[in-house]
Number of protein chains: 2
Amino acid sequence: MTLDLAYAPSDALANVRGSAIRDLLKLTEQPNVLSLAGGLPATELIPAQRISETAARVSADPAALQYTVSAGVMSCREVVADYVGVRDVGQVLLTHGSQQALFLLAHALLNPGDLVVVDDPVYVGALQVFQSVRARIRALPITAHGLDVDLLRRWLEAGERPRIIHTVSNFHNPAGVSASRSTRIELARLADEYGFLIIEDDPYGRLRFAGRSIEPIAAHSDRVVLLGSASKVLAPALRVGWMSGPPDVIGLVERLRQGVDLCGSTFSQLVVAELLADHTWFAEHIDVIRQEYGSRAAALTSALRETLGGRVTFTDPEGGMFCWVRMPGVDTSALLLEAVAAGVAFVPGAAFGVEADFGDCLRLSFATLTPDELAEGVRRLAVAVAVLDRG
Amino acid sequence: MTLDLAYAPSDALANVRGSAIRDLLKLTEQPNVLSLAGGLPATELIPAQRISETAARVSADPAALQYTVSAGVMSCREVVADYVGVRDVGQVLLTHGSQQALFLLAHALLNPGDLVVVDDPVYVGALQVFQSVRARIRALPITAHGLDVDLLRRWLEAGERPRIIHTVSNFHNPAGVSASRSTRIELARLADEYGFLIIEDDPYGRLRFAGRSIEPIAAHSDRVVLLGSASKVLAPALRVGWMSGPPDVIGLVERLRQGVDLCGSTFSQLVVAELLADHTWFAEHIDVIRQEYGSRAAALTSALRETLGGRVTFTDPEGGMFCWVRMPGVDTSALLLEAVAAGVAFVPGAAFGVEADFGDCLRLSFATLTPDELAEGVRRLAVAVAVLDRG
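Fair warning: this is a prediction, and the values are worked out from it, not measured in the lab. (Residues numbered from 1 in each chain as written. Chains lettered and ligands numbered in written order. Predicted model: local features only at pLDDT ≥ 70, side-chain atom pairs only at ≥ 80, totals over all residues. Heavy atoms only, no water.)

## Points about the packing of helix α4 (residues 74-84) of chain A against helix α10 (residues 266-277) of chain A
The packing of two helices is summarised by the inter-axis angle and the distance between the axes. Residues and elements named next belong to chain A. For the pair α4 and α10, interaxial distance at closest approach is 8 Å and the crossing angle is 35°. Pair α4 / α10 crosses with left-handed handedness. Contact residues: α4 offers S75, C76, V79, V80 and Y83, while α10 offers Q269, L270, V272, A273, L276 and A277. Along the lines of polarity and charge, the residues of the contact of α4 with α10 split into 9 nonpolar, 2 polar and no charged. (Axes fitted to C-alpha atoms, helices over the stretch in contact; angles between N-to-C directions. Helix = DSSP H or I, 4+ residues; strand = E, 2+ residues; numbered from the N terminus. Left-handed = near helix turned anticlockwise from the far one by under 90°. Contact = heavy atoms within 4.5 Å. Nonpolar A, V, L, I, M, F, W, Y, C, P; charged D, E, K, R; others polar.)

Structure follows, in structure tokens:
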């Protein structure tokens, strides 16, 4: 008798929502489609020459090509501790991108049924992680000031006891906004009062091109694990992310990681350490990215105002890679089909909804196209809207 | 009211046995201790110059530093398909080392309570993975011919229904032996008859320095996922491993991976593709490793025979990195303390036991020390045995 059960997905995997974004990227890979759908940084702004030189020098030493410890190469942990402003290197652990940091935290700390609060709209990679541990998930609306702490307080007062709250604090993916200082302070205060852990996910914080920096939530409470990454400031293929937080949380994650994939790449971590520690070079490099992303964001929002001004609302991005657009009365999933036909792609808001729908929203990335291409993309989007209007 | 629960380990993590080996490595990092305890390949045999040149050239292209898809860079998947002898690239997925392949397979396919059969003694990284999904675990003795298929058949006939059987087929870690051809054929036949999936873990297969190669289990059934890795043949820090197996299993793993860490390193995968595809260079490079490991294994076993011949039994290694030694009447955990005092380290057998004890066994790695150092290590081991004898 054959029991052909081995190939069914585990209950944990079956519980994970597929990434509509990944599926969409296939659709948008057609030639002649201007894609504002992706979540990649600009390829041409990756410092390939500097990485190539550093990689060559670092990897000439065979010791740099051995295994390392699960928490990461000490010299890189030290540089990252300095980068994120943490004094104790025992509070820092390096990961294979910050997506892995999320995964490790969830699997090290959560049991099925534990309550986790996420953003609505949500970073889909976070939702997938919490679904994969079969957490109970509630979602807080993202307001213009960051996640809705007033609603959170009412939930807490009504007896909800989250174990973890995950939020993207700067230049939200997909909502574009940053949490205000008062949102951060109140969230930190609630964490201390109610004993939950905050995962402050911050891949984009260094990419500010307007407005003033705001201290991280982590500055206001010890109950915060702050996530960061080299992917958006150096290169995604280095696969170096990090978390900084309470040493006992770091210790649990380190213990889990041994069985997950043993360790990260010694070599990549040494490259990242060298580039982040070269403060002069890094500051100039980041300025180039910031200026370019700022120009691109301005081109996108100007085009939106000029071409679709009467139909859309959006928040002016002050950094990061995304602009979140609301188009009242338009079903953006239906619009996407017309848009691809017109030669432009975006991600419909529905892909990011947890409790809310966002059926009339869309996420536009301004990171990977030139100002001219972005203007042309918006023109094509307007064509698609007109086609959909004619129905 | 503060609920300070967030820092407790998840039930899944609490269920994972700590790695005694990792803990031991700290003990053995003292100067003047010759360590036969590690599981690293020889640092001086890592082809650093070739990797450095390739890394420099590959990473000069910023596209090589972007994200890739979850299954891995297509050109590297194609090279790996050729390397493992698989025709369809859809059967190949690249991972962050083969430890991650194990983790992904377990989490994609298993539910808590599912039966998994492992080797006894076991590769501890596999045990940790199956514990992390809270599988029910049984362990089959490793005989001189590989895992005990006769006992497995009796279990199956008695009604046991494993979902997955994990075994290291070549140069077992820690047991040193390889599964015979008849063991492989019978295991494959049982998988087809009873519908379980075999994970054939083969990080060491190319490191044969004596005897003749044996076709993988995967040659005898489609119900096999074969794991391999660049770590022992090129460099651990590349963090490139792979699995080849049924496309629907690969598909489930790909789906899970998006939430685990998005993808591997484009850059590392392109480096591995180039080095594995250079057949002439690779064959010469592997020959160097094989010859050196063969000399080291011979030095170790000669020393064991000469110095401890009356006290030990062991299998002559034909490849890989490990020699498994039985020392009847000796508690090897107690011996380790004397050994470190005498300036030599190993891993006590108890670290690898699942249902069996192995309290009189030890694992010696011959990969990282010179023949002279290995002979000196065995001499120190004999000193430790003498000290323990005197009690």
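## Details of the relation of the copies chain A and chain B
Note on the identical chains: chain A maps onto chain B by a rotation of 180° and an axial translation of 0.0 Å, with an RMSD of 0.0 Å. Taken together, these values place the two copies in the relation of a two-fold axis. Distance from the rotation axis, computed per C-alpha, reaches its smallest value in chain A at A:A56: 2.5 Å. (Least-squares fit on C-alpha atoms with pLDDT ≥ 70 in both.)

## Remarks on the packing of aromatic side chains
Residue and element names in this part refer to chain B. Counting across every chain of the model gives 16 aromatic pairs over all chains. With centroids separated by 6.4 Å and ring planes inclined at 50°, the aromatic side chains of W281 and F282 adopt a geometry described as tilted. Judged by its relative accessible area of 18%, W281 falls in the buried class. A ring pair is formed by W324 and F352, whose centres lie 5.8 Å apart and whose planes are at 80°; its orientation type is edge-to-face. Residue W324 is found in strand β11 (residues 322-326), and its partner F352 is found in the loop between β13 (347-348) and β14 (361-365); the two are separated by 28 residues along the sequence. (Phe/Tyr/Trp six-rings, centres within 6.5 Å; stacked < 30°, edge-to-face > 60°. Buried < 20%, exposed > 50% of the residue type's maximum accessible area, 1.4 Å probe, protein only.)

## Concerning the interface of chain A and chain B
At the junction of the two partners, chain A supplies 83 residues and chain B supplies 83 residues. Counting the surface lost from both chain A and chain B, the interface buries some 6,900 Å², and carbon and sulfur atoms represent 56% of this. Counting every contact that joins chain A to chain B gives 0 salt bridges. Elements represented by at least two residues in the side of chain A that touches chain B include exactly α1 (11-14), α3 (48-59), α5 (97-109), α6 (124-132), α8 (181-194), α9 (247-261) and α10 of chain A. With 10 residues, α9(A) is the single largest residue contributor to the side of chain A that touches chain B. (Buried area = accessible area lost by both parts, 1.4 Å probe. Salt bridge = Lys/Arg side-chain N within 4 Å of Asp/Glu carboxyl O.)

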